Structures are given as structure tokens and as C-alpha cells.
Amino acid sequence: MLGYFDETKRASSMRTTMLRERQKKRLYLLAAAVAVIVWYYYFYGYPWSGPDARSDNLNVIDPLEDDVEGLTFTKRQFFLNTKPFRILSGAMHYFRVPSEYWQDRMMKMKACGLNTLETYVSWNLHEPVPGKFNFTGMLNLRKYLELAHSEGLYVILRPGPYICSEWDFGGMPSWLLADQKMKVRSNYQGYQEAITRFFGYLLPQVTDLQFKRGGPIIAVQVENEFGSFSTEVNHLMFIKGLLRLHGIKELLVTSDGSEGLVRAPFYQDALPTVNFKDTEQGRTGFEVIKQENPDFPLMVMEFWTGWFDHWGQPHNTDDLSVYAERVATILDSGASINFYMFHGGTNFGFMAGANEFSHYKADVTSYDYDAPLTEAGDITEKYMKTRELILEKIYKPLGILQLPVVPANVPRVEYAKLRMAEMMTWKDLTSHIMKTGHSERPMPMEMYKFDSGLGQSYGYIIYRKQIGSGNWLELPGKVRDRAQVLLNTWSVTTFDSDSKKLEVQMHASQPNNLLEIVVENLGRVNFINHKAPDPDILNKQRKGLDGDVKIDGKFVTDWNALALDFDQEFLYKISRASEWKSFIPQKNSPTLYRAQMVIAGTPADTFLNMKDWKKGIVIVNGMNLGRYWEIGPQRTLYIPAPFLKSGMNEFLIFEEHASGEYLYFQKEPQLG
């Protein structure tokens, strides 16, 4: 019995000890949890404290020269790993170039004497719907950065979240606009929450690629040209806080024009750099930086090597001698430089942006930019002059007399012309649209609940209504951006954003008629400054119609809306549809056309000339090449070889007005 009680006492003691240990562990866990919560809210802000309080808690103020490792500076000189360093950078955006060609373009950068690659990050492509991310294929940012590293290039990463870049909505996702109170590029709580989610997914993918951890990233930019837009410096503090919170340790920078640098000073937190094309603008920007701090090195974050094009406007090119003089002046000044763009690439799909100052102007599909490398990656006279200047002014004084051999251009071919084989009528095409909605009066595409409760981002929105007889049609407000009125599938007229009077005589004489108003989103504004007639225009980039439609002075209600966005699910469906008919050229009704091209052997790059066609888009093997439009200046669409395949290739042409019969291929582009 004594043994029993001894064992019982011993067991009881062990249980007591175990309970005490469990209580200790619970206390430790509770203390750890409290510590994590305190740490989180110190950096992230209290959820009940509002956007301003949150941004203040992210404002981790520390001396600029002390909070970085890797790229540092003093007395107007950069140092990398304690050695004097001059940034010779080129801009190339991974999302504008097929991933198969990244290495080719990087090798051409190296052969030109560049040591750094600069890239934006495209939020709207990476997070097409809230909380769902895509970093595959052309969007594999990590692969892109690792490849730059393997090619011996450092990286300046510009993650936005706003990037401008002649890219739809400046890279911001359009679903932000479903919030009618949205204030982008500000500390509006809904915008902060969206950025926080995106950066929380993006930044952990790249933090180990920083220079101090053995990677290529030497600097990270905070927002973009912010002072030209706003003076809300607390928003920059909020973004800086997120960058630091997620482990970004490298040098932070900003970039802007001279006025923007003064309007939103951020000198204590990020190194200011300037953007310009003209030498005199550059001098003004450099003076602003010099006056602020005698240690700040001079850098042109965006030396604009050319310019972009708008539909219906002349193609922009530079005089080579003027360009060379500007580059020489920058190099002689001792400044670092980023050539924007060094290789522009293409605004594939619906991703081209727009400007709207005096009136709306949509950007073309090509982002050739008259850059040193063409849209197809070819070497140009501008490239060779740039290379010559860098060699003479930078490398020869250091005793380096040669640069790497310039790689050959990627070969191109002129395929035989291709005749259209099939067509799908507007009625049949729209019967396959699954994203549909309903409203009393037309609303912008972003405001409908088409797919999983989300609105539409890109493409065309169709407002459809069955009507009786009627004559005068009146549309509301302003068209964003181009509206084609169809009566019983046939075109009546077209309005655009410049149309002053949105009225047309329809002659709907039948007792039953199908009225459709097809509105194309030609691209959301990507840049605005505080001097614009409407500085708040970024928050008004909702596309389509918004308001009451009238027929013969009477309001028309009860509308159906269809989202024609040509997404992958829709393309898969129509490619296998049974409604295809033998080709007959159509006029005055939107129509989808199809042809197949057989390629024997390995495909090569080519350009598609859309002569004889009016306006629409081209899709090759499921890849949306972008818009064509007879008003120019762009006449050709770039087809990279990786978009083609040996054997059968499918070409889909969505023509809005009147078709041609053939597709023509050529080796050289026609940009204007």
C-alpha cells in the first residue's frame, strides 16, 4: 500500500509539474502574441484609428544615410560595397516583352555599357482581381530579376504601386474604382488596404534578391512622380513604411520633375532623382537636388530617350544629333543615368494608357518609344551612338577600351498573306458572353457585378435593350471612350469622348428592335498633374456610360449589360464554338473573323499589317496582340516568335466596322 501511495503521490507531483509547465508555455505564448500585436500595430496602425493614424505609425523616421546597406553615397558620389559606383541603367519592363527575349535584351544592354536594369512592377496585371495573384510567364518577376543578376546587371526596382508608364491606369487595378469614394495615390483607407495586400504578396518574393543579401537589387523607388500630382507626403511615408516592414533594406529613391521634388519633399527618407528629356529641364532639377543636400549624388531616373504615340497623332521620333548632345551633357556632368526607355516593347492586349489634359488621347499598342532598342529588340543608330558615348566618356578614362560584342538582331520573316476563312456574326459572338448584369440605367463597367461580384476591367461593354419604334436617341454625359450604336446588330453611328452632342436619328420603325450601345475602353488615364484642368481625373476613370438614355425625349430603363473582354475563358469557348460560318466580308456590323496559318519549322518574328481593315483587335493563339486602327500612326502589330508555334496557328480578328480579306505580314514595322 505504501508503494501505491508513493506512486500516487509521485504521479500527482508529476501532473502538478506538467500543469505548471503548460501554464508557463501558455504565458510565454500569450506574451509572444502580445509582443507580435504590439509590433504589428506599431508599424501598421490600429484598425480603428483611421488612415492618417495608420500612416503615422508607418512613418519610421531614420537618417537616410544610415538605413541602407549596399548602395550608399556621400559628397555627390554613389558607392556600392564601399567602392565608387556610377549607375548606367536602362529601362525595360518585363510585362512588355516575351520572357523568351528577356536575356537577348539584357545582353544588348551589357554590350551598350550598361551595368543596371530598371523596371516597374505592374500591379494591375499581377492582381487582376482582389486577392488573386499572377506571377507566371511574362509576369514572372522573380525569374526576370534572377536573369538580370546572372547577366551581371544590377536592378533598380520601381514597385509603384502607381507607375504611370503609359500603362492603363498607371498600373493600378481598375477594380479600385468599384469604390465610388476611391481616392487613389492617397491615404484613403480603401487604397491603403489594397496596397497593403499587394505589397504583402509582392515584396516577400524579392527581398532575398537585394544586394545586401547577394542579389541584384540596389535601389527601390517610393511611388512615382508623386509631387507633380500631390503634396500628401504622408502617403509616401505610408509606402516607405510598407517597404521597410516587408524587409526592403536597400536605398530608397523618388523620381520627379524639378517642381514635383519641391512640392512633395521627401529628402529625409529617400534620395531624390529627376526625370527629364531637355537639357535645360535637367539643369533645373539638378539644382534643386544640389541645394537640398551637398551629399546627394545626381541621377536622372528617367532620361526620356524618345516619346510615346497617341492614336490619330503623328509618330514621335528624335533627331539623333540632339539626342547625342543631351546624353553627352548628362555623362559630362558626372550624373548617373537611367535610359527611359532603353527597350520599350509592346502594350499587349488592352493595356495601353491614355492622357487627358485638354481632351482625351489614347496611347497606341506599340511602345517602341524611339528607344535605342526597337519594339522588336533591334539595334538602332541611337543604340550605337549611346554605346559610343558611354565607351568614350565612361570606360576609356578607366582604361577599358572595348565593350562586349553587340548581339545579332532576332531574325524576322515575311509570311505569305493569309486569307480569312471563317466569320462569326455579332449575334452569335455575343451569345457566348457569360458575364452579364442588369441596371435601371447604364452604369460604368467597373460598377457592375459580373463575375464573382466584380466589375469589368478591359475591353468592350455592351448596353442592350429591346425597344419599340423610336427615332431620336440621346446618350448621357460623356462617352468613355468610344461608343458604337447598333440597331438590330447594324451600326447607326459612333461617338467618342470628344463628341459634343450625343444624339442620333435611329429610324427604328419596326415594332420590335434590339438597341445595343457598344462602348470601348480605349485605356485609362495614366498620368495627371496638379496643373491639369481636372487634377482629380484618376478617380474618374470609370469606363462606359453613366446616366439616363432617352429615346424621343423619354427615359429608357431596364438595361442588360454584357462584358466583352476577350478573356481566356471566353476565347477558349468561342474557338470551339459551332457558329462559325464561311467567310464573307462584312460592313457596318462588328464581326469576329478567323484564319489558320501553318508554319513549317521554327517560327520567327514578324509584323502584321492590317491594311484594308478599320479598327479592332488581333488575337494569335490566344494572345491578344492589341489594337489596330486605320487612323494611325501605327500600321503594324508586332508578333514575337514565341506567340507562334510550328504547325497550325489560329488568328482571330475582331473588326468593329468593315473587314478586309487578307492579313499581310512583313519584316519591318510601320509606326507612322
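Residues numbered from 1 in each chain as written. Predicted model: local features only at pLDDT ≥ 70, side-chain atom pairs only at ≥ 80, totals over all residues. Heavy atoms only, no water.

As for empty space enclosed by the protein
Which entries qualify depends on this criterion: A pocket here means an open set of points on a 1 Å grid, computed over the protein atoms alone, that has protein on both sides within 12 Å along at least five of seven lines. A cavity is instead a set of points where a 1.4 Å probe fits but cannot get out; residues with an atom within 4 Å of a point line either one. Grid points are joined across faces, edges and corners, and a volume is the space filled by probe spheres set on the points. Only DSSP runs of H or I with at least four residues qualify as helices, and only runs of E with at least two residues qualify as strands; both kinds are numbered from the N terminus onward. Nonpolar residues are Ala, Val, Leu, Ile, Met, Phe, Trp, Tyr, Cys and Pro. Charged residues are Asp, Glu, Lys and Arg, and all others, Gly as well, are polar.
Considering all chains together, one arrives at 4 cavities of 30 Å³ or more under this definition. Lining the largest cavity we find 17 residues, and of these Leu236, Thr254, Asp256, Leu261 and Ala264 sit closest to its centre. Secondary structure elements with two or more residues in the lining of the largest cavity: strand 8 (251-256) and helix 8 (258-263). For the lining of the largest cavity, the element with the highest residue contribution is strand 8, accounting for 3 residues. For the lining of the largest cavity, the per-class residue count stands at 10 nonpolar, 5 polar and 2 charged. Estimates place the volume of the second largest cavity at around 50 Å³. The set of elements that each furnish at least two residues to the lining of the second largest cavity consists of strand 19 (482-487) and strand 22 (513-520).

With respect to the pairing of strand 11 (residues 336-343)
Quick note on the threshold: The buried label applies to any residue whose accessible area, calculated with a 1.4 Å probe on protein chains only, is under 20% of its type's maximum; exposed applies above 50%, and partly exposed to all values in between. Pairing between two strands requires that DSSP report at least two bridges joining them.
Counting buried positions over the 8 residues of strand 11 gives 8, a clear majority of the element. Inspection of the sheet shows strand 4 (residues 88-92) paired to strand 11 by 4 bridges, in the parallel sense. The residue bridging glycine 90 from the neighbouring strand is phenylalanine 339, located in strand 11. Across 4 bridges, the pairing between strand 10 (residues 299-304) and strand 11 is parallel. Paired with tryptophan 304 across the bridge in strand 11 is tyrosine 340.

Structural notes on the packing of aromatic side chains
Any two aromatic rings considered together are summarised by their centre-to-centre distance and by the angle between their planes. Defined as follows: Ring pairs shown here join Phe, Tyr and Trp side chains whose ring centres sit within 6.5 Å, with only the six-membered ring taken for Trp; geometry is labelled stacked below 30 degrees between planes, edge-to-face above 60, and tilted in between. The rule is short: NZ of Lys or CZ of Arg within 6 Å of the ring centre and within 35 degrees of the ring normal puts a charge over the ring.
This structure, assessed with the given rule, holds 43 aromatic pairs. Through a chain of ring-to-ring contacts, the aromatic side chains of Tyr120, Trp304, Trp307, Phe308, Tyr340, Tyr367 and Tyr369 assemble into a single cluster. Across the ring face of tryptophan 629, the terminal group of lysine 615 is positioned such that the distance to the ring centre comes to 4.8 Å.

Comments concerning helix 11 (residues 381-395)
Quick reminder of the rule: Multiply 1.5 Å by the residue count of a helix minus one, and that product is the helix's expected span. Under this definition, polar contacts are N or O atom pairs within 3.5 Å; protein pairs additionally need one hydrogen-donor-capable and one acceptor-capable atom, and for neighbouring residues in sequence, both atoms have to be side-chain atoms.
Here helix 11 is 15 residues long and its end C-alpha atoms lie 20 Å apart, about the 21 Å a rise of 1.5 Å per residue gives. All buried positions along helix 11 are accounted for by Lys382, Tyr383, Thr386, Arg387, Leu389, Ile390, Leu391, Ile394 and Tyr395. Measuring from the backbone nitrogen of lysine 382 back to the side-chain oxygen at the start of helix 11 gives 3.3 Å, which picks out threonine 380 as the cap.

Some remarks on the pairing of strand 28 (residues 606-609)
By the alternation rule, side chains of strand 28 split into Thr606 and Leu608 and Phe607 and Asn609, which are all buried. In this structure, strand 28 lies alongside strand 31 (residues 636-639), joined through 4 bridges in antiparallel fashion. Each residue of the ladder has a partner; that of threonine 606, found in strand 31, is isoleucine 639. As paired elements, strand 28 and strand 33 (residues 662-666) share 3 bridges and run antiparallel to each other. Residue pairing for strand 33: phenylalanine 607 is matched across the bridge by glutamine 666.

Concerning the sheet that holds strand 9 (residues 271-276)
Threshold: Fitted lines through C-alpha atoms serve as axes, helices being fitted only where they are in contact, and the angles separating the N-to-C directions of these axes extend from 0 to 180 degrees. Contacts were defined at the residue level, with two residues in contact if any of their heavy atoms lie within 4.5 Å.
Spatial strand order, 4-5-6-7-8-9-10-11: 8 strands in a closed barrel with parallel pairing. Across the sheet, the mean angle separating the axes of adjacent strands is 30 degrees when strand polarity is ignored. Relative to strand 10, strand 9 is paired through 3 bridges, and the arrangement is parallel. When the sheet's bridge partners are listed, phenylalanine 276 is paired in strand 10 with phenylalanine 303. Strands in contact with helix 9 (residues 279-292) are strand 9 and strand 10; relative to strand 9, the strand with the most contacts, it is inclined by about 170 degrees.

Details of the sheet that holds strand 20 (residues 490-496)
Taking strand neighbours across the sheet as the criterion, the 6 strands line up as 16-25-17-22-19-20 in an open arrangement whose pairing is antiparallel. Each edge of the open sheet carries a strand with a single partner, namely strand 16 (436-439) and strand 20. With strand direction ignored, the average angle separating the axes of adjacent strands in the sheet is 20 degrees. Sheet topology places strand 16 next to strand 25 (residues 559-564); 4 bridges connect them, and they run antiparallel. In the sheet register, glycine 437 faces strand 25, and the bridge partner there is alanine 561.

Some thoughts on the pattern of salt bridges
Between side chains of opposite charge, pairing is possible as soon as their charged atoms come close. Condition: A pair is scored as a salt bridge if a Lys or Arg side-chain nitrogen falls within 4 Å of a carboxyl oxygen belonging to Asp or Glu.
According to the stated counting rule, one finds 41 salt bridges in the structure shown. One salt bridge connects aspartate 104 with arginine 105, and the closest N-O pair in it is separated by 2.9 Å. Across the pair, exposure class does not vary: aspartate 104 and arginine 105 are buried alike. Note that aspartate 208 and arginine 142 form a salt bridge whose closest N and O atoms lie 2.7 Å from each other. With aspartate 208 in the loop between helix 6 (189-202) and strand 7 (217-221) and arginine 142 in helix 5 (residues 141-150), the pair connects residues that are 66 residues apart, well separated along the chain. Here arginine 142 falls in the partly exposed class, since its relative accessible area comes to 27%. Among the charged side chains, a network of salt bridges with common partners joins Arg482, Glu520, Lys615, Arg627 and Glu656.

A word on the packing of helix 10 (residues 320-332) against helix 11
Axes are the key here: two packed helices are described by the angle between their axes and the distance separating the axes. Counted only if it meets this: Relative orientations are named as follows: roughly parallel for angles under 35 degrees, roughly antiparallel for angles over 145 degrees, roughly perpendicular for angles from 65 to 115 degrees, and oblique for any other angle. Note: crossing handedness is left-handed where the near helix turns anticlockwise from the far helix by less than a right angle, and right-handed where it turns clockwise.
Between helix 10 and helix 11, the shortest axis-to-axis distance is 10 Å and the interhelical angle comes to 25 degrees. On the basis of their axis angle, the class for helix 10 and helix 11 is roughly parallel. Note that helix 10 runs across helix 11; the crossing there is right-handed. In this structure, helix 10 contributes Leu320, Tyr323, Ala324, Val327, Ala328, Leu331 and Asp332 to the contact, and helix 11 contributes Glu381, Lys382, Lys385, Thr386, Leu389, Ile390, Lys393 and Ile394.

Points about the confidence of the model for the chain
As a reminder of what qualifies: Along the chain, pLDDT gives the predictor's confidence residue by residue, from 0 to 100.
Of the residues in the chain, 90% have a pLDDT of 70 or more, and the chain-wide mean is 91. Within the chain, helix 2 (residues 50-57) has the poorest average pLDDT of any element, 32, and strand 31 the best, 99. Taken together, the stretch residues 1-63 has pLDDT below 50 and engages in 48 contacts with residues farther than four places along the chain or on a different chain.

Quick look at unusual backbone geometry
Of all residues except glycine, most have a negative phi; of all peptide bonds, most are trans. For the bond running from tyrosine 340 to methionine 341, omega is -5 degrees, close enough to zero to count as cis. Note that the residue after glycine 632, namely proline 633, is joined by a cis bond; omega there is 10 degrees. Even without being glycine, phenylalanine 566 reaches a positive phi, approximately 55 degrees. The topology assignment puts phenylalanine 566 in the loop between strand 25 and helix 13 (568-575).

So, the layout of surface pockets
By volume, the largest pocket is sized at about 1,400 Å³. Around the largest pocket, the lining comprises 42 residues; the ones closest to its centre are Leu125, Pro128, Tyr458, Asp567 and Gln568. Among the elements of the structure, helix 4 (123-126), helix 13 and strand 30 (623-629) are those that each provide at least two residues to the lining of the largest pocket. With 3 residues, helix 13 is the single largest residue contributor to the lining of the largest pocket. Lining the second largest pocket are 30 residues, with Glu225, Asn275, Trp304, Trp307 and Phe527 sitting closest to its centre.

A word on the nonpolar core
The condition that has to hold: Nonpolar cores are built from buried Ala, Val, Leu, Ile, Met, Phe, Trp, Tyr and Cys residues. Side-chain atoms within 4.5 Å join them into one set.
Within the largest apolar cluster, 176 residues are counted, with the highest numbers of intra-cluster contacts made by Phe566 and Leu663. Once you skip the residues sitting within four places of it in the chain, phenylalanine 566 turns out to touch Phe350, Tyr460, Leu571, Leu592, Ile617, Ile619 and Phe654. By size, the runner-up hydrophobic cluster in this structure holds 27 residues, among which are Met445, Ile461, Val549 and Ala561.

Here's the deal with the side chain of aspartate 565
Summarising the element assignment, aspartate 565 is placed in the loop between strand 25 and helix 13. Of the polar contacts made by the side chain of aspartate 565, one reaches the side chain of lysine 435; its length is 2.7 Å. Apart from the residues within four sequence positions on either side, aspartate 565 is in contact with Phe350, Lys435, Gln456, Tyr458 and Gly459.

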